[in-house]
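# Descriptive structure summary
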Amino acid sequence: PSLAGQVVAISLGRSDGVVLDLGGGLSARLGPPVDLAAKFEALASVLAGASPSGPAVIDVTVPDVPTVGPAASAG
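Residues numbered from 1 in each chain as written. Predicted model: local features only at pLDDT ≥ 70, side-chain atom pairs only at ≥ 80, totals over all residues. Heavy atoms only, no water.

### Side note on the pairing of strand β4 (residues 56-59)
The two faces of β4 match: A56 and I58 on one face and V57 and D59 on the other face are all buried. Across four bridges, the pairing between strand β3 (residues 26-31) and β4 is parallel. Looking across to β4, one finds that A28 is bridged to I58. Taken together, the four bridges between β4 and strand β5 (residues 67-70) define a ladder with antiparallel strand orientation. Opposite V57, over in β5, you have G69 as the bridge partner. (Buried < 20%, exposed > 50% of the residue type's maximum accessible area, 1.4 Å probe, protein only. Helix = DSSP H or I, 4+ residues; strand = E, 2+ residues; numbered from the N terminus. Pairing = 2+ DSSP bridges.)

Listed below in structure tokens is the structure:
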């Protein structure tokens, strides 16, 4: 519920699985739509700890090991 107000859009791709657009160039890659409770908890923890500034991707496909990296450029 705490993430619901932050999600701008949701997409489902073949390679990335579920991806949440959090606005401002920030997105969250959840991967396959399984174990979502753990993935949402990992995402909330990352955002509460130190939300990335600028374009970035938070990857919680493995919820026990979330990662943050730069957003892929479209160029």
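### Remarks on the nonpolar core
With 14 residues, the main nonpolar core has L20, L22, L43, L47 and I58 as its most contacted residues. Among the elements of the structure, β2 (17-21), β3, α1 (36-50) and β4 are those that each provide at least two residues to this core. The contact partners of L47, leaving out residues within four places of it in the chain, are L3, Q6, L22, L26, P52 and I58. (Core = buried A, V, L, I, M, F, W, Y, C linked by side-chain atoms within 4.5 Å. Contact = heavy atoms within 4.5 Å.)

### So, unusual backbone geometry
Look at D35: it is not a glycine, yet its phi comes out positive at around 55°. For D35, a relative accessible area of 49% corresponds to the partly exposed category.

### A closer look at the side chain of K39
Counting through the fold element by element, K39 comes out in helix α1. The side chain of K39 sits in the buried core without any salt bridge; D35 is the nearest counter-charge, 6.5 Å away. Within the structure, K39 has its side chain in polar contact with the backbone oxygen of L30 (distance 2.7 Å). Separated by 2.7 Å, the side chain of K39 and the backbone oxygen of P32 make a polar contact. If sequence neighbours within four positions are ignored, K39 has contacts with L30, G31, P32, V34, V60, T61 and P63. (Lys, Arg positive; Asp, Glu negative; His and termini not counted. Salt bridge = Lys/Arg side-chain N within 4 Å of Asp/Glu carboxyl O. Polar contact = N/O pair within 3.5 Å; in protein donor to acceptor, adjacent residues only side chain to side chain.)

Just geometry here; none of it tells us what the structure is for.
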